[in-house]
Amino acid sequence: MGTVVDAANQGANQSLADKKVKVVFVLGGPGSGKGTQCANIVQHYGYTHLSAGDLLRAEIKSGSENGTMIQNMIKEGKIVPSEVTIRLLQQAMLESGNDRFLIDGFPRNEENRANFELVTGIEPEFVLFFDCPEEEMERRLLSRNQGREDDNIQTIRKRFNVYMESSLPVIEYYNAKGKVRKIDAAKPVEEVFEAVKVVFNPSTETVSA
Ligand SMILES: Nc1ncnc2c1ncn2[C@@H]1O[C@H](COP(=O)(O)OP(=O)(O)OP(=O)(O)O)[C@@H](O)[C@H]1O
Ligand SMILES: Nc1ccn([C@@H]2O[C@H](COP(=O)(O)O)[C@@H](O)[C@H]2O)c(=O)n1
Ligand SMILES: [Mg+2]
């Protein structure tokens, strides 16, 4: 059984490698506006948006054998083992038929980062980092109203702790490699997107380099 699954996984990796997929990691704290800005980027730049959190929530709804474990992790603001999340990301990349992806909310810790690279061989083109003060993120999450089980103050505080302890080091890792494009995410949505466009527009990038 393990061998069949491993072979399928290797096939998926080979197929993604053949396509020479382009990946941008979209990172930032809970409520910093990753999903909001990804929707804008998709409209303008032809990327497919894959939110790791959305994929995990869909996996719960699908009645998968991992559903209960994932649900408990999300309620506690904890990071699901990368084996599960990477498989969902690979599947979604293959199904999309696209070769350009915004991977939102991943990698969330060192284990996510190292295993994604090891398993897929994919290095991000760059990391889009939405930088936002905690008080503003908290305000946004508490008024998001999308029925998310983790948008309550107890879980939000746990998510902030995980972000500080586990996710920021990943951003620092990519920063040391010169891959981070930092955006001031505390501004209104339209202003944030203006800053995002500068990153995605190659001619503007050349001028400012
Ligand atoms: N620049 C902004 N100014 C004010 N509100 C914003 C801004 N960007 C997003 N929002 C709102 O804040 C909430 C959180 O945004 P969003 O879902 O995009 O964040 P996220 O980073 O994807 O969060 P999570 O990590 O929890 O998935 C939403 O209700 C969204 O409409
Ligand atoms: N790489 C990831 C991403 C997310 N999770 C879990 O999902 C929760 C919600 O994520 P959002 O990006 O939608 O906010 C998050 O708090 C984690 O519990 C994960 O495990 N691994
Ligand atoms: Mg989101």
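This text gives an overview of the structure that appears in the document. Quantities reported herein were computed from a predicted structural model and do not represent experimental measurements.

### Comments concerning the overall build of the protein chain
Of regular secondary structure, the protein chain possesses ten helices and five strands. Expected size for 209 residues packed as a compact globule is a radius of gyration near 17 Å; at 17 Å, the protein chain falls within 12% of this value. With the C-alpha coordinates of the protein chain rotated into their principal frame, the extents come out at 50 × 45 × 30 Å. Within the protein chain, the proportion of its 209 residues that are buried is 43%. Nonlocal contacts in the protein chain, meaning residues at least 24 apart in sequence, comprise 76% of its contacts between residues at least 6 apart. Surface accessibility of the protein chain: about 11000 Å² in total, with carbon and sulfur atoms responsible for 50%.

### Focus: the packing of helix α3 (residues 52-61) against helix α5 (residues 82-96)
Relative orientation of the contacting elements α3 and α5 amounts to 100 degrees, with a least axis distance of 10 Å. Relative to α5, the element α3 lies roughly perpendicular. For the pair α3 and α5, the contacting residues are Ala-52, Leu-55, Leu-56 and Glu-59 in the first and Val-84, Thr-85, Leu-88, Leu-89 and Ala-92 in the second. Looking at the contact of α3 with α5 residue by residue, the classes come out as seven nonpolar, one polar and one charged.

### So, the environment of Glu-165
Among the structural elements, Glu-165 can be located in helix α8 (residues 153-176). For Glu-165, a relative accessible area of 63% translates into the label exposed. The sequence separation of Glu-165 and Asn-109 amounts to 56 residues, and the corresponding C-alpha distance is 8.7 Å.

### A few points about the site of ligand 2
Taken together, 16 residues form the shell around ligand 2, and within it Arg-57, Lys-78, Val-80, Arg-108 and Arg-148 come nearest. In the model, an oxygen atom of ligand 2 is placed 2.9 Å from a nitrogen or oxygen of the Arg-57 side chain. Lys-78 places a main-chain nitrogen or oxygen 2.7 Å from an oxygen atom of ligand 2. For ligand 2, the accessible surface in isolation is 460 Å², of which the surrounding protein chains cover 96%. Broken down by secondary-structure element, the contributors of at least two residues to the shell around ligand 2 are α3 and α4 (67-75). When residues of the shell around ligand 2 are assigned to their parent elements, the largest contribution, four residues, is made by α3. Per-class residue counts for the shell around ligand 2 are seven nonpolar, three polar and six charged.

### Here we look at the environment of Asn-161
Relative to the assigned elements, Asn-161 resides in helix α8. Sequence separation of Asn-161 and Asn-40 is 121 residues, and the distance between their C-alpha atoms is 28 Å.

### Let's talk about the site of ligand 1
Close to ligand 1 lie 17 residues; Lys-34, Thr-36, Arg-144, Arg-159 and Lys-187 are nearest. Between ligand 1 and Gly-31 there is a distance of 3.0 Å, counted from an oxygen atom to a backbone nitrogen or oxygen. For ligand 1, whose unbound accessible area comes to 640 Å², protein coverage reaches 78%. Breaking the shell around ligand 1 down by element, the ones donating at least two residues are α2 (34-45) and α7 (134-142). When residues of the shell around ligand 1 are assigned to their parent elements, the largest contribution, three residues, is made by α2. Looking at the shell around ligand 1 residue by residue, the classes come out as five nonpolar, six polar and six charged.

### Some points on the pattern of salt bridges
Evaluation of the coordinates by the stated rule reveals 15 salt bridges. Of the charged contacts, one joins Lys-197 and Glu-194 as a salt bridge, the two residues approaching to 3.1 Å between their closest N and O atoms. Taken together, the positions of Lys-197 and Glu-194, both in helix α9 (residues 189-200) and three residues apart, correspond to about one turn of that helix. Here Lys-197 falls in the partly exposed class, since its relative accessible area comes to 25%. A single salt-bridge network, built from bridges that share partners, covers Arg-144, Arg-148, Asp-150, Asp-151 and Arg-159.

### Re the packing of helix α6 (residues 110-120) against α8
Running from N to C, α6 and α8 point in directions that differ by 45 degrees, and their axes come no closer than 8 Å. Of the possible angle classes, the one that applies to α6 and α8 is oblique. Here α6 contributes Glu-110, Arg-113 and Glu-117 to the contact with α8, which in turn contributes Ser-166, Val-170, Tyr-173 and Tyr-174. Of the residues assigned to the contact of α6 with α8, the class counts are three nonpolar, one polar and three charged.

Rules used throughout
Counting from 1, residues in each chain are numbered in the order their sequence is written. Working convention: letters from A go to chains and numbers from 1 go to ligands, in the order in which they are written. In keeping with the predicted nature of the model, local features appear solely for residues at pLDDT of at least 70, side-chain atom pairs appear and are counted solely at 80 or more, and the whole-chain, interface and lining totals rest on all residues. Water and hydrogen atoms were dropped before computing side-chain values, which therefore reflect all heavy atoms in the structure. Strands here are runs of E lasting at least two residues and helices are runs of H or I lasting at least four, both read from the DSSP assignment and numbered beginning at the N terminus. The globule rule used for comparison is 2.2 Å times the number of residues to the exponent 0.38, while the radius of gyration itself is calculated over C-alpha atoms. The classification of residues rests on relative accessible area computed with a 1.4 Å probe and restricted to protein chains. Under 20% of the type maximum is buried, over 50% is exposed, and intermediate values are partly exposed. Pairs of residues are marked as contacts when any of their non-hydrogen atoms sit within 4.5 Å. Using a 1.4 Å probe, accessible areas were evaluated by the Shrake-Rupley method; residue-level cover was limited to the displayed protein chains. Note on method: axes are straight lines fitted to C-alpha atoms, helices fitted across the in-contact stretch only, with angles between N-to-C directions ranging 0 to 180 degrees. Angular relationships are summarised with four words: roughly parallel below 35 degrees, roughly antiparallel beyond 145, roughly perpendicular across 65 to 115, and oblique for the angles in between. Residue type decides the class: Asp, Glu, Lys and Arg count as charged, Ala, Val, Leu, Ile, Met, Phe, Trp, Tyr, Cys and Pro as nonpolar, and the leftover types, Gly among them, as polar. We define proximity as follows: a residue is near a molecule or strand when any one of its heavy atoms falls within 4 Å of that partner. N or O atoms closer than or at 3.5 Å make up a polar contact, with two conditions inside protein: a donor-capable atom paired with an acceptor-capable one, and, for residues adjacent in sequence, both atoms drawn from side chains. Put simply, a salt bridge is a Lys or Arg side-chain nitrogen that is within 4 Å of an Asp or Glu carboxyl oxygen.

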